[in-house]
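Single-letter residue listing:
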Amino acid sequence: MRPALFMAALSLLSGLASQAQAAPNRIETPLRERQCHNPPEIEGRYYNQQGLGALRCPAPPGYEILLVSSPTHQWLDISGPTHTWSSERLIRQQKLPGNTPRMGGPVSWLAQSADQWQGLVFPLYSQDEHYRYHVSYVAVSFGEQGICPVGVYRLRNDAENALRQGQACLSEDIARP
């Protein structure tokens, strides 16, 4: 009797472990130029006509991230199943040391359920006049309002917690410095 009970418990634990692997509550995708590739020609042409570079980076199915670069800034354009949002305005309005924000990685994707993403967090690097690097973390929600910024935080954990707690999106009218 005991071996049968042991096998049943082992089977149950094995099933729970495979469910946990099938539906992670958080994944990470790279956000480095060498791990991204050129977008389709028509999309690339749009950015090139504006004097910008764009690379498509890994994202979960149904989502797209473009790493967009100007001579002085980098930002993300994020597309989901129904909405698109650019972090350009938010990033340009941040008071960052050196005023030359760059993306790094990885992007943390937080799941709301097995088939729905709650949002993402990405790092934003800048370098001050003494060549010291500073990092901030941008939290982006995939809520009923669409894709929108929740805030910019000093720690990744704080940004992820803001998403998990359902913090409201920032106003699009953020005052310029």
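Before reading further, recall that the structure is shown in the block above.
Notes on the structure in this doc start here. (Residues numbered from 1 in each chain as written. Predicted model: local features only at pLDDT ≥ 70, side-chain atom pairs only at ≥ 80, totals over all residues. Heavy atoms only, no water.)

1. Quick word on the packing of aromatic side chains
For the structure on display, the rule yields 5 aromatic pairs. Among the aromatic residues, ring-to-ring pairing joins Tyr63, Trp109, Trp117 and Phe142 into one connected group. (Phe/Tyr/Trp six-rings, centres within 6.5 Å; stacked < 30°, edge-to-face > 60°.)

2. Here's the deal with the state of the cysteines
If you walk through the whole model with that rule in mind, you get 2 disulfides. There is a disulfide in this structure between cysteine 36 and cysteine 57, and the S-S distance comes to 2.0 Å. Judged by the sign of its S-S torsion, about 100°, the bond between cysteine 36 and cysteine 57 is right-handed. Within this pair, whereas cysteine 36 is found in the loop between β1 (26–29) and α2 (41–49), its partner cysteine 57 is found in strand β2 (residues 53–57), the two being separated by 21 residues in sequence. The partner cysteine of cysteine 148 in its disulfide is cysteine 169, sulfur to sulfur 1.7 Å. Taken together, the positions of cysteine 148 in strand β10 (residues 146–153) and cysteine 169 in the segment after α4 (156–164) put the pair 21 residues apart, joining distant regions of the chain. A residue is classified by how much of its surface remains accessible, and cysteine 169, at 22% relative accessible area, is partly exposed. (Disulfide = S-S within 2.5 Å. Helix = DSSP H or I, 4+ residues; strand = E, 2+ residues; numbered from the N terminus. Buried < 20%, exposed > 50% of the residue type's maximum accessible area, 1.4 Å probe, protein only.)

3. Focus on α4
Since the α-helix turns once every 3.6 residues, residues separated by three or four places project in the same direction. Here α4 has its buried residues at Arg156, Ala159, Glu160, Ala162 and Leu163. Seen from one end, α4 has its buried residues packed into an arc of 155°, which puts them on one side. In this structure, the buried side of α4 is in contact with β1, β7 (107–113), β8 (116–127), β9 (133–143) and β10. (Arc of directions from axis to C-beta. Contact = heavy atoms within 4.5 Å.)

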